[in-house]
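# Overview (structure and organization)
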Amino acid sequence: MGNLAILAKQAGYEVAGFDKKIYPPMSDQLAASNIEVHDNFDSSHLQPPPDVVVVGNASMPRGNPALEYTLNHGLNYQSGAEWLADTILRDRHVIAVSGTHGKTSTTAMVSWILHCAGTDPGFLIGGASRNFDYSATLGSAPFFVVEADEYDTSYFDRRSKFRHYRPKTLVIGNLEFDHADIFDSLDEIKYQFQHLVREIPANGRIIVPANDEEIESLLERGCWTPVERFTVKPNSDRTPHSSSNSTYSAVQIAPDGTSFDVVRNGSRVGSVNWSQFGLHNVSNAMSAILAAEHCGVDPKQSTQYLASFHGVKRRMEVIAQSGETTVYSDFAHHPTAILRTLDALRQHVGNAHILAVVEPRTHTMSLGTYRDKLKTCCTPADEVIWYRTKTIKWELDELAQDSTIPTRVCSRIEEVVDTICRPRESPTHVVIMSNGGFDGIFALVTNSMQRL
């Protein structure tokens, strides 16, 4: 919603808003844009009546005083996704990045490539890119890159937000079950994606990894748009060829994913050497390269531009270092994301000690939907701490009982911080995984390690 406010300001609107407490970096971006922000509701905030009230879905259920005032006084209102589509995306070439994992990073990659190519793209990234000072900008026509979330739109519109965007270029990075608070099955998620696919024009393009069974079963339900598939060859396969159903492949991949070659129909078109690591980021990069190609950027140029891509905050972001200990913050919203991230770090640091500290905060994890996968998703680490909050609806102790690596469950944030910050004699990498504030652990850790 902060990003939408920034876009509205850039579009010439007078903008103000209210939400729960807003923290950096978004609070800083709003202040820099001279947007008036309130962390409480008062009817004076909606007087005189605005032309439109843009309603979010995270903290605006029925009963919220701002929403009740809007309804009782007959004010004009729209969901955030609807406003974005009608006001910003109309008449733009929309590049939508969707999927269960990797949306934010891939959206940032596409935006950076198009920026380096001189196209001045508009974009809305669902996180803080390290390459830009802002998460959203109008840019210039025609291109606009948007992170396309499958979560529902608002309390009055249960369609996925991406159903409003009508992209011409669509990336589907992967498909897994998530958002157990609003979806009962993966098939319900596919239903939303099915309608999204039907909205892509015949002169558009859909970009997907090859041989993904869930994505292929989705496309088999009906697709009227050319599909560009790519493969990511495992480290053991270092020959520059492409699979029978894909034009592009990533090959010659370094074990930790920090370099790879891009080939088209068996011929090398460029190499990526960058600061990112992990096969999941190689896959994200291939999606971004092909999305940019549909916008007219030569893949060879894209591989060069990615060398200066610095990633996204809270995606394996180093937040503290002291002595032999390096601490990372990672979003890790799903067991598959946790496994991929820890496996990538293992490939990157070799035999160094890895401590995973996980708050299973998302609705899907806190409800226990993925408890079996949570038992094994941290296996690349050497030890695990699971943080138990009051929102967890199941008994986390079973993770410690069934784990193959040393595992414990903690309910006190001070105990977790003490464990992270204790001095060590050998290299140790600590990954703090949460999609929320984790009871202030990030500031507590950074402040504590600065005093060491």
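Remember, predicted model here, so these are calculated numbers, not experimental data. (Residues numbered from 1 in each chain as written. Predicted model: local features only at pLDDT ≥ 70, side-chain atom pairs only at ≥ 80, totals over all residues. Heavy atoms only, no water.)

## Considering the overall build of the chain
Condition: Counting from the N terminus, the helices are the DSSP runs of H or I reaching at least four residues and the strands are the DSSP runs of E reaching at least two. Radius of gyration here is computed from C-alpha atoms only, and the compact-globule reference equals 2.2 Å multiplied by the residue count raised to the power 0.38. With a 1.4 Å probe rolled over the protein chains alone, any residue whose accessible area is under 20% of its type maximum counts as buried; one over 50% counts as exposed, and the rest are partly exposed. Note on definitions: a residue-residue contact is assigned when non-hydrogen atoms from the two residues lie within 4.5 Å. For this count, His and the chain ends are skipped, Lys and Arg are scored as positive, and Asp and Glu as negative. Where a charge lies is defined by one atom per residue type, namely NZ (Lys), CZ (Arg), CG (Asp) and CD (Glu).
Of the regular secondary structure elements, the chain holds 15 helices and 22 strands. Over its C-alpha atoms the chain spans a radius of gyration of 22 Å, differing by no more than 12% from the 22 Å that the globule rule assigns to 452 residues. If one aligns the C-alpha atoms of the chain with their principal axes, the spans along those axes are about 65 × 55 × 40 Å. Each of the 452 residues in the chain was classed as buried or not, and the buried ones make up 57%. Long-range contacts, defined as pairs at least 24 residues apart, comprise 63% of the intrachain contacts of the chain with a sequence gap of at least 6. A distance of 2 Å separates the average location of the 41 positive side-chain charges in the chain from that of its 53 negative side-chain charges.

## Observations concerning the side chain of His294
Position of His294 among the secondary structure elements: in helix α8 (residues 279-294). When its relative accessible area of 16% is taken as the criterion, His294 is described as buried. The contacts of His294, once residues within four sequence positions are left out, are His93, Lys168, Thr169, Asn203, Gly204 and Arg205.

## Examining the sheet that holds strand β13 (residues 227-232)
Defined as follows: Strand pairing is assigned whenever DSSP identifies at least 2 bridges connecting the two strands. Axis lines are fitted to C-alpha atoms, over the contacting stretch for helices. Their N-to-C directions set the angle, which ranges from 0 to 180 degrees.
One open sheet accounts for 10 strands, arranged β7-β6-β8-β5-β11-β12-β13-β14-β15-β16; its pairing is mixed. Each edge of the open sheet is held by one strand with a lone partner, namely β7 (136-137) and β16 (267-273). Pairing of strand β5 (residues 93-98) with strand β8 (residues 143-147) involves 5 bridges; the strand directions are parallel. Looking across to β8, one finds that Val94 is bridged to Phe144. The sheet contacts of α8 involve β5, β11 (169-172), β12 (205-209), β13, β14 (248-251) and β15 (259-264), and relative to β13 the element is tilted by about 150°.

## Some details on the nonpolar core
Spelled out, the test is: Each nonpolar core is a collection of buried residues, namely Ala, Val, Leu, Ile, Met, Phe, Trp, Tyr and Cys, held together in the definition by side-chain atoms within 4.5 Å.
Core analysis: the largest hydrophobic core is formed by 41 residues, its most contacted members being Leu7, Leu84 and Ile172. Not counting chain neighbours up to four residues away, the residues in contact with Leu84 comprise Leu4, Leu7, Leu89, Leu124, Val146 and Tyr165. In this structure, Phe123, Tyr248, Val282 and Val312 belong to the second largest nonpolar core, which totals 38 residues.

## Focus: helix α15 (residues 441-450)
The condition that has to hold: In this description, one arc is meant: the one made by directions from the helix axis to the C-beta atoms.
For α15, every residue scored as buried is listed here: Ile441, Phe442, Val445, Thr446, Ser448 and Met449. Down the axis of α15, the buried set is contained in an arc of 165°. They therefore lie on one face. Its buried side turned inward, α15 meets β17 (317-322), β18 (325-330), α14 (413-421) and β22 (428-433).

## A look at the packing of aromatic side chains
Where we set the bar: Planes of paired rings set the category: under 30 degrees apart is stacked, over 60 is edge-to-face and the rest tilted, where pairs are Phe, Tyr or Trp rings (Trp by its six-membered ring) whose centres lie within 6.5 Å. Definition used: whenever NZ (Lys) or CZ (Arg) falls within 6 Å of the ring centre and also within 35 degrees of the ring normal, the charge is taken to sit over that ring.
For the structure shown, the criterion picks out 13 aromatic pairs. Their ring planes at 80° and their centres at 5.2 Å tell us that Tyr77 and Phe156 sit as a pair that is edge-to-face. Taken together, the residues span a long stretch of sequence, with Tyr77 in strand β4 (residues 77-79) and Phe156 in the loop between β9 (152-154) and β10 (157-160) at a distance of 79 residues. In this structure Phe156 comes out as partly exposed when scored by relative accessible area, which is 33%. Residues Trp112 and Phe132 carry aromatic rings whose centres are separated by 5.6 Å and whose planes lie at 75° to one another, so their mutual orientation is edge-to-face. Of this pair, Trp112 sits in helix α5 (residues 103-116) while Phe132 is found in the loop between β6 (122-124) and β7, placing the two residues 20 residues apart along the sequence. Its relative accessible area of 8% is what places Phe132 among the buried residues. Among the aromatic residues, those joined into a ring-pair cluster are Trp112, Phe123, Phe132 and Tyr134. The ring of Phe331 carries the charged tip of Arg315 above its face, separated from the ring centre by 4.3 Å.

## Things to note about the pairing of β22
Counting buried positions along β22 yields 6 of 6 residues, so the element is predominantly enclosed. Burial of β22 is two-sided: the residues Thr428, Val430 and Ile432 facing one way and the residues His429, Val431 and Met433 facing the other way are all buried. Bridging between β18 and β22 involves 6 bridges; their strand directions are parallel. Paired with Tyr328 across the bridge in β22 is Val431. Relative to β22, strand β19 (residues 353-358) is paired through 6 bridges, and the arrangement is parallel. Bridge pairing in β22 links Ala356 to Val431.

## Description of unusual backbone geometry
Following Gln47, the chain continues into Pro48 via a peptide bond in cis, with omega recorded as -5°. The phi dihedral of Asn34 is positive, around 60°, even though this residue is not glycine. Following the sequence through the fold, Asn34 ends up in the loop between α2 (26-32) and β2 (36-38). Classification of Asn34 by relative accessible area gives exposed; the value is 62%. With a phi close to 50°, Gln252 is a non-glycine residue in the positive phi region. Its place among the elements puts Gln252 in the loop between β14 and β15. When its relative accessible area of 29% is taken as the criterion, Gln252 is described as partly exposed.

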